[in-house]
Amino acid sequence: MIVKNRWNYYRILQVQPDAALDVIKASYRTLMQKLKFHPDLGGDNWNATVINEAYRVLSNSERRAEYDAEQRSQVMGVGELNRASNQRAQASRRQARAASSARKSSTFKSMVCVLCNQLTDVPTWLPGPRRCHTCRSPLTPVDAATPEQAGKRALPRLVRSANVRYLRTQKHDLGRSDVPHDDIVYHAVLENLSTKGMRLVTGNALEIGELLRVECQLLSAVARVVAVHASSSNRQQFEVGTEFVTVDFALQKGSLFAEQA
């Protein structure tokens, strides 16, 4: 969600630090209108406030210069934040090991995360999503995560519109051990959905084979990019086809998933 990056206005507007004013304006319009973050279009008031604040600063040359100077002065603090994040991850792993030791007589299943290659011992007696203890990515392979396990029938491929958040990674095959290379949360619109994958519309020209960490109200997934095409209706947007590698569906009452008749 955008609030996570509220102190980095360039990330909020999804532009580079050296972006021209025209690029900043175009990205702002895309977020507020195309991706419907404007409250009048159903967006959240808090996210809209953050986007507007970022645009107010970056669209004014004097305010932008002051902001850039302040950002440079805070660079030294990034290392401390990273150390704190590592400490939290280590604490999470210690808690996982303690929970494993407390249930020696119970059955666990070791699962490998496709993003960070870390092992997670999953208690088989507990229902619900399986998540990596290190990077929190879903662990359930797509063939084992179909809605039939939740008492649902097979789903047709449906065209729907929903906001999707994703993280890019530097990983392009299951043999590498890269983890997500930054914490930038990008946004897309869901165009097409099935139990095997989804098609998105986004402002990023993603790479074939790239793995994405995807979250929305319908699911959490690691998805592989299998197709990228420029949008026929908007040259600044791309239609991206993905297939799920691992996924946890959130099939609840009122979900955009529809059952076949």
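Basis of the calculations
- Residues numbered from 1 in each chain as written.
- Predicted model: local features only at pLDDT ≥ 70, side-chain atom pairs only at ≥ 80, totals over all residues.
- Heavy atoms only, no water.
- Salt bridge = Lys/Arg side-chain N within 4 Å of Asp/Glu carboxyl O.
- Helix = DSSP H or I, 4+ residues; strand = E, 2+ residues; numbered from the N terminus.
- Buried < 20%, exposed > 50% of the residue type's maximum accessible area, 1.4 Å probe, protein only.
- Pairing = 2+ DSSP bridges.
- Axes fitted to C-alpha atoms, helices over the stretch in contact; angles between N-to-C directions.
- pLDDT = per-residue confidence, 0-100.
- Contact = heavy atoms within 4.5 Å.
- Expected span 1.5 Å × (residues − 1).

With that settled, consider the pattern of salt bridges. According to the stated counting rule, one finds 6 salt bridges in the structure shown. Among the ionic pairs, Glu53 bridges to Arg56, the shortest N-O distance being 3.1 Å. Here the residue Glu53 and the residue Arg56 both occupy positions in helix H3 (residues 45–58), the gap between them amounting to 3 residues, near one helical turn. A relative accessible area of 39% means that Arg56 is categorised as partly exposed.

Strand order in this closed barrel of 6 strands is E3-E4-E5-E8-E7-E6, and the pairing throughout is antiparallel. Strand-to-strand, the axes of this sheet are offset by a mean angle of 45 degrees, without reference to chain direction. Where strand E3 (residues 163–168) and strand E6 (residues 211–215) come together, 4 bridges link them in antiparallel fashion. Bridge pairing in E6 links Arg165 to Glu215.

Positionally, Arg97 belongs in helix H5 (residues 78–102). Between the C-alpha atom of Arg97 and that of Asp121, which follows or precedes it by 24 residues, the distance is 8.7 Å.

A few words on the pairing of strand E7 (residues 219–230). Two strands pair when backbone bridges link them, and E6 and E7 are joined in this way by 5 bridges, in the antiparallel orientation. Along E7, the bridge assignment pairs Glu215 with Ser220. Between the end of E6 and the start of E7, which pair antiparallel, lie 3 residues. Of the pairings in the sheet, the one linking E7 to strand E8 (residues 238–249) comprises 11 bridges and is antiparallel in character. Opposite Val228, over in E8, you have Val240 as the bridge partner.

Time to look at the confidence of the model for the chain. In this model, the chain carries an average pLDDT of 77, and 72% of its residues clear a pLDDT of 70 or more. Low pLDDT, under 50, characterises residues 1–6; the predicted model gives this stretch 19 contacts beyond four residues in sequence or across chains. Across residues 148–154, where pLDDT falls below 50, the model places 10 contacts with residues more than four positions away in sequence or in other chains.

Looking now at helix H2 (residues 21–34). In a regular helix each residue adds 1.5 Å, so 14 residues correspond to 20 Å; H2 covers 19 Å between its end C-alpha atoms and thus fits that length. Turning to H2, its buried residues are Ile24, Ala26, Ser27, Tyr28, Thr30, Leu31 and Met32. Positive phi shows up at Lys36, right after H2, with a value of about 60 degrees.

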